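The lines below spell out each chain.
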Amino acid sequence: QVQLVESGGGLVQAGGSLRLSCATSGGNFNSYNMAWFRQAPGKERAFVALSHWSGHSTYYADSVKGRFTISRDNAKNSVYLQMNSLRSEDTAVYYCAARKPTSSQYNYWGQGTQVTVSS
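Notes on the structure in this doc start here.

How each quantity is defined
Residues numbered from 1 in each chain as written. Predicted model: local features only at pLDDT ≥ 70, side-chain atom pairs only at ≥ 80, totals over all residues. Heavy atoms only, no water. Buried < 20%, exposed > 50% of the residue type's maximum accessible area, 1.4 Å probe, protein only. Helix = DSSP H or I, 4+ residues; strand = E, 2+ residues; numbered from the N terminus. Pairing = 2+ DSSP bridges. Salt bridge = Lys/Arg side-chain N within 4 Å of Asp/Glu carboxyl O.

**Details of the pairing of strand E4 (residues 33–39)**
Then, number 1: Taking burial as the measure, the 7 residues of E4 include 6 buried ones, the bulk of the element.
Then, number 2: As paired strands, E4 and strand E9 (residues 92–99) are joined by 7 bridges and run antiparallel to one another. Within E9, the position partnered with Met34 by the bridge is Ala98.
Then, number 3: Sheet topology places E4 next to strand E5 (residues 46–51); 5 bridges connect them, and they run antiparallel. Note that in E5 the partner of Arg38 across the bridge is Ala46.
Then, number 4: Connecting E4 to the antiparallel partner E5 that follows it, the hairpin turn spans 6 residues, and Gly42 within it adopts a positive phi of roughly 75 degrees.

**Digging into the pattern of salt bridges**
Then, number 1: Scanning the model with the defined rule gives 3 salt bridges in all.
Then, number 2: Between Arg38 and Asp90 there is a salt bridge, with the nearest N and O atoms lying 2.9 Å from each other. Of this pair, Arg38 sits in strand E4 while Asp90 sits in the loop between strand E8 (78–83) and E9, placing them 52 residues apart in sequence. Judged on exposure class, the residue Arg38 and its partner Asp90 are both buried.
Then, number 3: Asp90 is the salt-bridge partner of Arg67, the closest N and O atoms lying 2.8 Å from each other. A residue pair is termed long-range when its members are at least 10 positions apart, and Arg67 in the loop between strand E6 (58–60) and strand E7 (68–73) and Asp90 in the loop between E8 and E9 qualify at 23 residues. Like Asp90, Arg67 is buried.

Have a look at this one:
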């Protein structure tokens, strides 16, 4: 059973930074594409960032480009999201997700961690 556990959320002032972590267990982390999504109150869950399983490619939503950085540590089976220059509109529950390279959808999800940005 693959498990994903996020941590690092919290309350931060606008312009501040947070680093989210997602620790995985029970699966072959090195083979998964890892992503972060977020869901703001009253909105659908939205893609934030992706790290290709090879570690060579990353992708970002336009709204976070230049402010957020996704990274992974295959030795620790973990993926991270460094969030800088936070804005009130970044307030959301952030979810970590894992997708097998052959899958068209994300196979595993974490429980989420709350990020609140005060203006």
